[in-house]
Structures are given as structure tokens and as C-alpha cells.
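Residues per chain, in single letters:
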Amino acid sequence: MSTPPIRVVGLGGSMSERSTSLAALRVALGGCSTAGGDVEVFDIRQLDLPMYVPGAKPPESVRRLCAAVTGCNAMIWSSPLYHGSISGSFKNALDWLQVLADDGQPYLSDKAVGLIATAGGVQGLQAVNTMEFVVRALRAFAVPLVIPIPRAHRVFDEDGVITDDLVKDQLERLGTEVCRVARTLSTPG
């Protein structure tokens, strides 16, 4: 009897047309696919989310995102580093996950989450740290392997293709690790 595939939702990107955080997310999700995961990506720019307002009726894009999150075993988040933290558009998407508060298992209960941050400068870990706080607040488990990518403009070409084999391997390893942890969390007993 074969085990069902691990379903992984990727959430990331930025409002930029050439988003290194979205490019990094796609590489990590490739690692998930290689590890037998079934992946779906949500691009922040394409979600076109209004600002989160408590009690507001969620738009269709939020309902699609929340349905995918409810049905997944794991997520990978990828945000650019803006002024020492995650981008406002990425945080807004996370705020919309409030819609999941009243589910049988609220928010992201018992899901594994992999974290990626891309930076123009030499930092990146601050965005990862911010996301890790949110992971815990949403009742999920951050995978210990995190990938901050400094000087991301040197790692991806103008078409979003990764040019650094070491970073590519790290991102793919993150995808594999997310699937491994998700399988462990999904195994009864």
C-alpha cells in the first residue's frame, strides 16, 4: 500500500515583476516534487490581496489560498527582506490566514513550514526570524533548516533562473526536508 503524497503549498514572492523570493520558492518546491511531494504555489503578486481588515469578507483569492492550506501537509514561505523584516505584502497574506482561526484544527496546526528569505544586501536572517515567530503563532512547526539568501541579485539571473549551484542545492534540500518532516508529522502513533 503506497502512502499518499505530501501536499505542499508554497507562498511567496513580492510585488516586483522579477521576484528573487518567488524564484527561490520555485527551486525549493522542485525539491519537494523530487521527494514525492505534490506542490502548489501562490505568488503574492498574483494573489492581488486587499489589506487585511478583521471581519472583512475574504476575496476569492483568499478562499483559494485557505482551501489549499487547509488541505496541505506543509508549506514553504519565501519573503524578501525589506528594512530588516518580511515585506508588507507577504505579512498581509499571512494576516489573511486568520480566516482559518475557527477551523477544526485552527490555522496551520501540525504542519511543517520551510522558510526562505532573499536579500539585496548581506543580511536575510531577520526575515527568517520574523517568519519563525509567525509559524509558532499559527501553531505550526518551522523546519530547522532555513535558507537566507544574501545578495540574491547575484544568485538569480534576470529571468529568475538560479545561477549558484550551492544555493540551488540548499533550496532543493529544504524542499526535501519539508517533505520528510511533514511525513513524520502525518504518521500516526
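Residues numbered from 1 in each chain as written. Predicted model: local features only at pLDDT ≥ 70, side-chain atom pairs only at ≥ 80, totals over all residues. Heavy atoms only, no water.

Peer 1: Please explain the side chain of S78 as it appears in this structure.
Peer 2: With respect to the secondary-structure elements, S78 resides in strand 3 (residues 74–82). With relative accessibility at 0%, the residue S78 sits in the buried group. When sequence neighbours within four positions are dropped, the list of residues in contact with S78 reads L11, G12, G13, S21, A24, L25, F90 and I116. (Helix = DSSP H or I, 4+ residues; strand = E, 2+ residues; numbered from the N terminus. Buried < 20%, exposed > 50% of the residue type's maximum accessible area, 1.4 Å probe, protein only. Contact = heavy atoms within 4.5 Å.)

Peer 1: Help me understand helix 4 (residues 88–96), please; the structure alone is not making it clear to me.
Peer 2: Three or four residues apart is the spacing at which side chains of an α-helix point the same way, because the helix has 3.6 residues per turn. What helix 4 keeps buried is the set F90, N92, A93, L94 and W96. In this fold, the buried residues of helix 4 make contact with strand 1 (7–12), helix 2 (44–47), helix 3 (60–71), strand 3, strand 4 (85–86) and helix 5 (125–137).

Peer 1: Which parts of the structure should I look at to understand the nonpolar core?
Peer 2: Among soluble globular proteins, nonpolar side chains are generally buried collectively. Ranked by size, the top nonpolar core spans 36 residues in total, and within it L11, M75, W77, L97 and L108 carry the most contacts. Elements supplying a minimum of two residues to this core: strand 1, helix 2, helix 3, strand 3, helix 4, strand 5 (112–118) and helix 5. Setting aside residues up to four positions removed in sequence, W77 forms contacts with L11, F90, L94, L108, V113, G114, L115, I116, M131, V134, V135 and L138. Judged by nonpolar contacts, the second largest core, of 28 residues, contains V27, I116, I162 and V178. (Core = buried A, V, L, I, M, F, W, Y, C linked by side-chain atoms within 4.5 Å.)

Peer 1: Honestly, the pairing of strand 1 in this entry has me stumped. Any pointers?
Peer 2: Regular strands have side chains that alternate between both faces of the sheet. Taking burial as the measure, the six residues of strand 1 include five buried ones, the bulk of the element. With six bridges joining them, strand 1 and strand 2 (residues 38–43) adopt parallel strand pairing. Bridging from a neighbouring strand, G12 pairs with D43 of strand 2. Taking the sense of rotation as the criterion, the β-α-β connection linking strand 1, helix 1 (residues 20–34) and strand 2 turns out right-handed. Of the strand pairs in this sheet, strand 1 and strand 3 are connected by five bridges, and their pairing is parallel. Within strand 3, the position partnered with V9 by the bridge is M75. (Pairing = 2+ DSSP bridges. Right-handed = clockwise from strand over helix to strand, strands pointing away.)

Peer 1: I tried to follow the side chain of S87 on my own but got confused; where do I start?
Peer 2: Looking at where S87 falls in the secondary structure, it is placed in the loop between strand 4 and helix 4. Here S89 takes part through its side chain, which lies 3.3 Å from a polar atom of the side chain of S87. Those residues in contact with S87 that lie beyond four places of it in its chain are S79, P80 and Y82. (Polar contact = N/O pair within 3.5 Å; in protein donor to acceptor, adjacent residues only side chain to side chain.)

Peer 1: Quick question: what am I supposed to make of the pattern of salt bridges here?
Peer 2: Two side chains of opposite charge can pair, provided their charged atoms sit close to one another. Enumeration according to the criterion identifies five salt bridges in this entry. For K91, the salt bridge identified is with D95, shortest N-O distance 2.4 Å. Placement of the pair is K91 and D95 together in helix 4, with a separation of four residues, close to one helical turn. For K91, a relative accessible area of 36% corresponds to the partly exposed category. Given the relative accessible area of 27%, D95 is considered partly exposed. (Salt bridge = Lys/Arg side-chain N within 4 Å of Asp/Glu carboxyl O.)

Peer 1: For this particular structure, what's the right way to read the packing of aromatic side chains?
Peer 2: We describe a pair of aromatic rings using the distance from one ring centre to the other and the angle between the two ring planes. One pass over the full model with this rule turns up two aromatic pairs. Between the aromatic rings of Y52 and W96, the centroid separation amounts to 5.1 Å while the plane-to-plane angle is 85 degrees, which identifies the pairing as edge-to-face. Note that Y52 is positioned in the loop between helix 2 and helix 3 and W96 in helix 4, a separation of 44 residues in sequence. Accessibility expressed as a relative area gives 22% for Y52, which makes it partly exposed. The exposure class assigned to W96 is buried, which follows from its relative accessible area of 1%. With 6.1 Å between their ring centres and 70 degrees between their planes, W77 and F90 make a pair best called edge-to-face. Of the two residues, W77 is situated in strand 3 and F90 in helix 4; the sequence distance between them amounts to 13 residues. (Phe/Tyr/Trp six-rings, centres within 6.5 Å; stacked < 30°, edge-to-face > 60°.)

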